[in-house]
Amino acid sequence: IKPSIDWFVDQCRGVYSSQDITALERTILSTLEWHVNPPTMLCFISTFLRFLPNAWGSEPVDNRIAHAIYEFAKYLTELSVLESYFALQFKSSEIAYAAILCALDEKQHTFPFPYESRIAFQKKVAAATSLTPKTKAVRFATFALKKILPSQLRQQDYEDINIPVPTGGLSRRSSSAGSEGGTTSPVCVCEPLSTVRDQKRTRLTYE
């Protein structure tokens, strides 16, 4: 929960007004030259999802839909942290938008999205950020996210994307817990439970 300026005014018992607090915030930011922490991927996901239409046709949008998209997109961004390549090649906004696009595809069978509503959502995001599903970085980030979780996300043809990738691309390598030479890592969050029970450890590597 983000406290409002009125809440701070109330806490200082009216000694400072909302204008005083806002002016001091501007002074602090100007002094720091706006060198503050940038928005995270989750911040972008929350912001982008505000562009979802309030109604699809004559039916109002169920809050469960936005929640399901948010949770799955959040999960994908958490998986992307396992690969340094994402941080080196993409902006947080690009990964967040790609994660939402993946979530929309994955949840299509559960919550069908009308084509017109999906296009309207994409146009609103494009108007606010200039990001579109056809933006090179977004397209490749979408492809890379699907490579991380191929069992749940359908693969598409992205061969025409001219963005440098490591030779062999993203791949999954499994080895037993007793392997040597640094080939094992803690249980990957994207590994099925059956594999965990088999005491297998997995990591994503570049070959």
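Definitions and limits used
Residues numbered from 1 in each chain as written. Predicted model: local features only at pLDDT ≥ 70, side-chain atom pairs only at ≥ 80, totals over all residues. Heavy atoms only, no water. Helix = DSSP H or I, 4+ residues; strand = E, 2+ residues; numbered from the N terminus. Buried < 20%, exposed > 50% of the residue type's maximum accessible area, 1.4 Å probe, protein only. Contact = heavy atoms within 4.5 Å. Areas by Shrake-Rupley, 256 points an atom, 1.4 Å probe, with all protein chains shown as cover. Core = buried A, V, L, I, M, F, W, Y, C linked by side-chain atoms within 4.5 Å. pLDDT = per-residue confidence, 0-100. Salt bridge = Lys/Arg side-chain N within 4 Å of Asp/Glu carboxyl O.

The next subject is the overall build of the chain. Within the chain, the secondary structure is distributed over 9 helices and 4 strands. Relative to its full complement of 207 residues, the chain shows a buried share of 35%. Within the chain, contacts between residues separated by at least 24 positions form 67% of all contacts whose residues are at least 6 apart in sequence. Working note: accessible area of the chain is about 13,200 Å², and carbon and sulfur atoms make up 55% of it.

Let us look at the nonpolar core. Within soluble globular proteins, side chains that are nonpolar tend to cluster in buried spots. By size, the foremost hydrophobic cluster in this structure holds 38 residues, and its most contacted members are Ile69, Tyr97 and Ile100. Every element with two or more residues in this core is listed here: helix H3 (41-49), helix H4 (63-80), helix H5 (84-89), helix H6 (92-106), helix H7 (115-129) and helix H8 (136-148). For this core, the element with the most residues is H6, which contributes 10 residues. If we ignore the near neighbours within four places in the chain, the residues touching Ile69 are Leu49, Leu52, Ile100, Ala103, Leu104 and Phe113.

This part is about the side chain of Ser80. Its place among the elements puts Ser80 in helix H4. Apart from residues no more than four positions distant in its own chain, Ser80 is found in contact with Met41, Phe86, Ile95, Leu145 and Ile148.

Scored by pLDDT, the chain has a mean of 75; 68% of the residues are at 70 or more. With pLDDT under 50 throughout, residues 155-207 is counted as low confidence; its partners more than four residues away or in other chains account for 89 contacts.

This part covers the pattern of salt bridges. For the structure shown, the criterion picks out 3 salt bridges. Between Asp105 and Arg118 there is a salt bridge, with the nearest N and O atoms lying 3.0 Å from each other. In this pair, Asp105 is assigned in helix H6 and Arg118 in helix H7, connecting sequence segments 13 residues apart. By the burial criterion, Asp105 is buried, and Arg118 matches it. Between Glu106 and Lys107 there is a salt bridge, with its nearest N and O atoms 3.5 Å apart. Residue Glu106 is classed as buried on the basis of its relative accessible area, which comes to 10%. A cluster of three or more residues bridged by salt bridges with shared partners is formed by Asp105, Arg118 and Lys146.

Turning next to unusual backbone geometry. One non-glycine residue with positive phi stands out, namely Arg13, at about 55 degrees. When you line up the elements, Arg13 lands in the loop between helix H1 (5-11) and helix H2 (18-31). A positive phi angle is found at Trp34, which is not glycine, with a value near 60 degrees. With respect to the helices, strands and loops of the structure, Trp34 is situated in the loop between H2 and H3. On the basis of relative accessibility, which here comes to 57%, the residue Trp34 falls in the exposed class.

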